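Summary of structural features
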Amino acid sequence: MQIHPIYFWLWATLLVTAVIRLDGSLFSFTAIIGTIALVKFIPKKLLRYQTFQLALRLASIAIAIRMIFAIIIGVPMPGRVLFSIPEIELPNFLVGVRLGGEVTSQRLAGALGEALVFAALILLFGAANSLTTPTKILKVIPRRLYGVGLATALATRLTPQFVDSVSRIRQAQHLRGQSANGYRSWIRLGTPVLEETMSRSIDLASSLEARGYGVHDRPTRYKAIRWSYADSIKLLPALYAATFLPNLSVNQYLVAIVLFACVLSPAVFR
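Report follows, based on the coordinates. Every value quoted in this text rests on a predicted model; they were computed, and no experiment measured them.

Analysis parameters
- Residues numbered from 1 in each chain as written.
- Predicted model: local features only at pLDDT ≥ 70, side-chain atom pairs only at ≥ 80, totals over all residues.
- Heavy atoms only, no water.
- Salt bridge = Lys/Arg side-chain N within 4 Å of Asp/Glu carboxyl O.
- Helix = DSSP H or I, 4+ residues; strand = E, 2+ residues; numbered from the N terminus.
- Buried < 20%, exposed > 50% of the residue type's maximum accessible area, 1.4 Å probe, protein only.
- Patch = residues over 30% accessible without salt bridge, like charges linked within 9 Å, V, L, I, M, F, W, Y side chains within 5 Å.
- Areas by Shrake-Rupley, 256 points an atom, 1.4 Å probe, with all protein chains shown as cover.
- Axes fitted to C-alpha atoms, helices over the stretch in contact; angles between N-to-C directions.
- Parallel < 35°, antiparallel > 145°, perpendicular 65-115°, else oblique.
- Left-handed = near helix turned anticlockwise from the far one by under 90°.
- Contact = heavy atoms within 4.5 Å.

1. Quick notes on the pattern of salt bridges
Overall, the coordinates contain one salt bridge when judged by the stated rule. For the salt bridge of Glu-114 with Arg-66, the shortest nitrogen-to-oxygen distance reads 2.8 Å. Highlighted residues: Glu-114 in helix 4 (residues 105–131) and Arg-66 in helix 3 (residues 49–72), separated in sequence by 48 residues. Arg-66 gets classed as partly exposed once you look at its relative accessible area, which sits at 29%.

2. Focus: a nonpolar patch on the surface
On the surface, Leu-58, Ile-61, Ile-65, Ile-68, Phe-69, Ile-72 and Ile-73 cluster together into a nonpolar patch covering about 620 Å² of accessible area. With respect to the helices, strands and loops of the structure, Ile-68 is situated in helix 3.

3. Details of the packing of helix 2 (residues 25–41) against helix 10 (residues 252–263)
Relative to each other, helix 2 and helix 10 sit at 30°, their axes nearing to 9 Å. The orientation of helix 2 with respect to helix 10, classified from their angle, is roughly parallel. Relative to helix 10, helix 2 is oriented so that their crossing is right-handed. Listed contacts from helix 10 to Leu-26, Phe-27, Thr-30, Ala-31, Ile-33, Gly-34, Thr-35 and Leu-38 of helix 2 are Gln-252, Tyr-253, Val-255, Ala-256, Leu-259, Phe-260 and Val-263.

Structure, rendered in structure tokens:
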């Protein structure tokens, strides 16, 4: 049985709601580990793994940038002093902001919590984007919203196609003996990626024109996948995580285990 294309986006939205409402490093880390485990459990033929790899890199970069800024720029906070860096005097209108100085444990813990929440958001929506395709979503959009859905589908395909183009061109350059590292290698990527993007856009316009898109008021459509009772049952763990889980006053480790199970629900009920 095919899973409805909207399912994974609803699943990701509900879990993101749960992570934001729980607002804790433990829960955000649990969502991150659960999302990575889910992608590992899903068969590769049903997954656009390169799209999730990009989301994983973006999440790692986001955590690194937030922690670097927490070390260099911040406000004085209590806690155990871990280390100190040279402090730079700032103008008087930047009262309360410090560049350098003592770095405390509470300062780093707060920054890590914020970074993990943001990383969990990136990975959850990255997993949803890798587990379904915009073209499948386009098939189930109502007729009145078909034009908006088409524009959205084309826009959301930009990142996966960009990743595929960069990977393919870098591999071709490597086979030619060209260096794939350094700033100059990225300069060499610009022109072929732009040419391939323009060529793909022209091909898409030609295919739409050949199919008579925009000519008829009521165009034919593919048979859409219907939302089934099984999809509703599969979505119940994520719905529980978004509504009841943040309100439970129980042990936080038990809540984290339940959240981990809710993240893995698509793999369990597949």
